[in-house]
Amino acid sequence: MFFVNIEASINKLNFFKMKTPRILLGALLASMLFIGCNNSEELVTGSESLTEQQTSDLVNKKEVAFQFIDLMKNQSFKEKTLELLNNQQPSVAMSKILNQTSEFVSDEESYKMLMSKTTMLEGKASKEAAPEKIEILEVWMHNGERIEDFSNVLFSFAPEGDEETWERVEAYTIDKEVVYLDPKEAPSQTVIVIETDGFETLKREVTYMNKYLQESGVQNNRFLKSSLDLSTKSARNAGLETTKLDKIRLNDDEEPWISGAAEVYAITSGIKDDKNNPEIKVIPMYYLDHDDTDYYPNQILLFWDDYQYQAANIQLFEKDDNTNYKDLVSAIVNGVFQIIGAVSTQPWVSVLGQVAGAIIQAMPNSWYTNNDDYVDSFYTIEKNKSYYNYYGARRNAKINLSPFYVAPN
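Position labels on residues start from 1 in each chain and follow its written sequence. Totals for whole chains, interfaces and linings use every residue, but because this is a predicted model, local features are given only for residues with pLDDT of at least 70 and side-chain atom pairs only at 80 or more, for both listing and counting. Only hydrogens and water are set aside when side-chain values are computed; all heavy atoms of the structure are taken into account.

**Looking at the confidence of the model for the protein**
Low-pLDDT portions of the prediction should not be read for the details of their coordinates.
Part 1 of the argument: Looking at the protein as a whole, its pLDDT mean stands at 79, while 77% of the residues score no less than 70.
Part 2 of the argument: pLDDT is a per-residue confidence score from the predictor, ranging from 0 to 100. Between two residues, a contact is recorded if the distance between any of their heavy atoms is within 4.5 Å. For residues 1-56, every residue scores under 50 in pLDDT, and the model assigns this stretch 145 contacts once sequence neighbours within four places are set aside.
Part 3 of the argument: Confidence over residues 226-236 falls short of pLDDT 50; this stretch has 20 contacts with residues more than four positions distant or in other chains.

Structure (structure tokens):
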């Protein structure tokens, strides 16, 4: 089992008597109630590093960065890696780099250590039982188009803790000399960044989050591998009626430069029956990398057969390093059940808004301290209605939505 199942049937209205999932410990219950140097003179270098940082019990990104620097001294490895980093956005899995460069460096100790670490991390993130922490090694490049002299390229990683407290970003030259970058403004030079909580991690976390929502009774089986078929006939045997995201633009993705491209996901919510039971899904938005940029994903966000009524919510969040995804989804489930238990006799449209409110309340209190950041909310999106340049409640995201009918085969 992925998580401990909630022990009361969601078909009963007395949600207050539900037992909280066992992973909701005291800390979880309590949680319920940006970076640059424009020229070389702005860099501070030295032979001594900051106190060694570990991003988690699993990965020491400084150690990984040093091993990666060792490999980048091999000309063939460097050329292939730079090709991958320049051609694939927003990041490249370390496993892909290692697999495509093994002929050049497979005998080197740094390669063996990185391959071992990468294989272990990806294996833990692929098991049936969800790990406590998911970390996948990835690499991305800041200002990659500006490489003229590779000796000026830096290697870095996101600092630990609250981004508001970051005083400097630790980086290293190809000779492993430390360089301190301004954490408030992106540097003008090229920086190759080691990532453990990016695109690949989000993909795996979303899978586990949806699995738990299904086991908790607040999500149907549409996202199960055997059921994710958009050509499947609806209950009316007439195809699927959906709402599609045609365009999206973020004013601020809540992501500092050293954290790289944003990892944004949507949480959709609606009322699925006349007992005001919720239907909640987590939908990754892998393409949504940067703010102040238009994206045209043509992505289905709402499946209207999932809901009893013709309105639903769409809320956007940005995934950052320090939030435990297990605790997060458990808090959402617990908070929504408490809300529904209190308002089960109210009109459904009122409950719809309160479900969205419960999702926000379940998020970490420290949204802006490198936890899952609240991007925006679109409340009461209606079926069969188009939205053009439509702002969310925070006016931080602007979207185009349109009805989209998927015909059966």
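**With respect to the side chain of aspartate 273**
Part 1 of the argument: Checked against the element boundaries, aspartate 273 lands in the loop between strand E9 (264-271) and strand E10 (278-285).
Part 2 of the argument: When a residue's accessible area, from a 1.4 Å probe over protein chains only, is under 20% of the maximum for its type it is buried; when over 50% it is exposed; and in between it is partly exposed. Charge assignment in this entry is limited to Lys and Arg as positive and Asp and Glu as negative, and neither His nor the chain termini are counted. Here, a salt bridge means any side-chain nitrogen of Lys or Arg that lies within 4 Å of a carboxyl oxygen of Asp or Glu. Of the side chains with opposite charge, lysine 272 lies nearest to the buried aspartate 273, which makes no salt bridge, at 5.8 Å.
Part 3 of the argument: Nitrogen and oxygen atoms within 3.5 Å of one another constitute a polar contact, given that in protein one can donate a hydrogen and the other can accept it, and given that sequence-neighbouring residues count only through two side-chain atoms. Here asparagine 277 takes part through its side chain, which lies 2.8 Å from a polar atom of the side chain of aspartate 273.
Part 4 of the argument: Dropping the residues within four chain positions of it, aspartate 273 is found in contact with Gln308 and Tyr309. Working definition: helices are DSSP H or I runs of at least four residues, strands are E runs of at least two. Numbering for both runs from the N terminus.

**Details of the sheet that holds E9**
Part 1 of the argument: Spatially, the four strands line up as an open sheet ordered E10-E9-E12-E13, and their pairing is antiparallel. The open sheet is flanked by E10 and strand E13 (373-382), the only strands paired with a single partner. When strand polarity is set aside, the average angle formed by the axes of neighbouring strands in this sheet is 20°.
Part 2 of the argument: Sheet contacts for helix H6 (residues 199-215): E9 and E10; angle to E10, the most-contacted strand, approximately 170°. At least two DSSP bridges between two strands are needed for those strands to be called paired. Note on method: axes are straight lines fitted to C-alpha atoms, helices fitted across the in-contact stretch only, with angles between N-to-C directions ranging 0 to 180 degrees.

**A closer look at the pattern of salt bridges**
Part 1 of the argument: Within this structure, the stated rule accounts for 16 salt bridges.
Part 2 of the argument: Where lysine 203 meets glutamate 200, a salt bridge forms, and the shortest distance between an N and an O atom there is 3.2 Å. Taken together, the positions of lysine 203 and glutamate 200, both in helix H6 and three residues apart, correspond to about one turn of that helix.
Part 3 of the argument: The exposure class of lysine 203 is partly exposed, given its relative accessible area of 28%.
Part 4 of the argument: Glutamate 200 sits in the buried class, given a relative accessible area of 14%.
Part 5 of the argument: The residue lysine 319 makes a salt bridge to glutamate 205 at a minimum N-O spacing of 3.6 Å. A residue pair is termed long-range when its members are at least 10 positions apart, and lysine 319 in the loop between strand E12 (311-318) and helix H7 (325-343) and glutamate 205 in helix H6 qualify at 114 residues.
Part 6 of the argument: Relative accessible area serves as the criterion here: at 4%, lysine 319 is assigned to the buried category.

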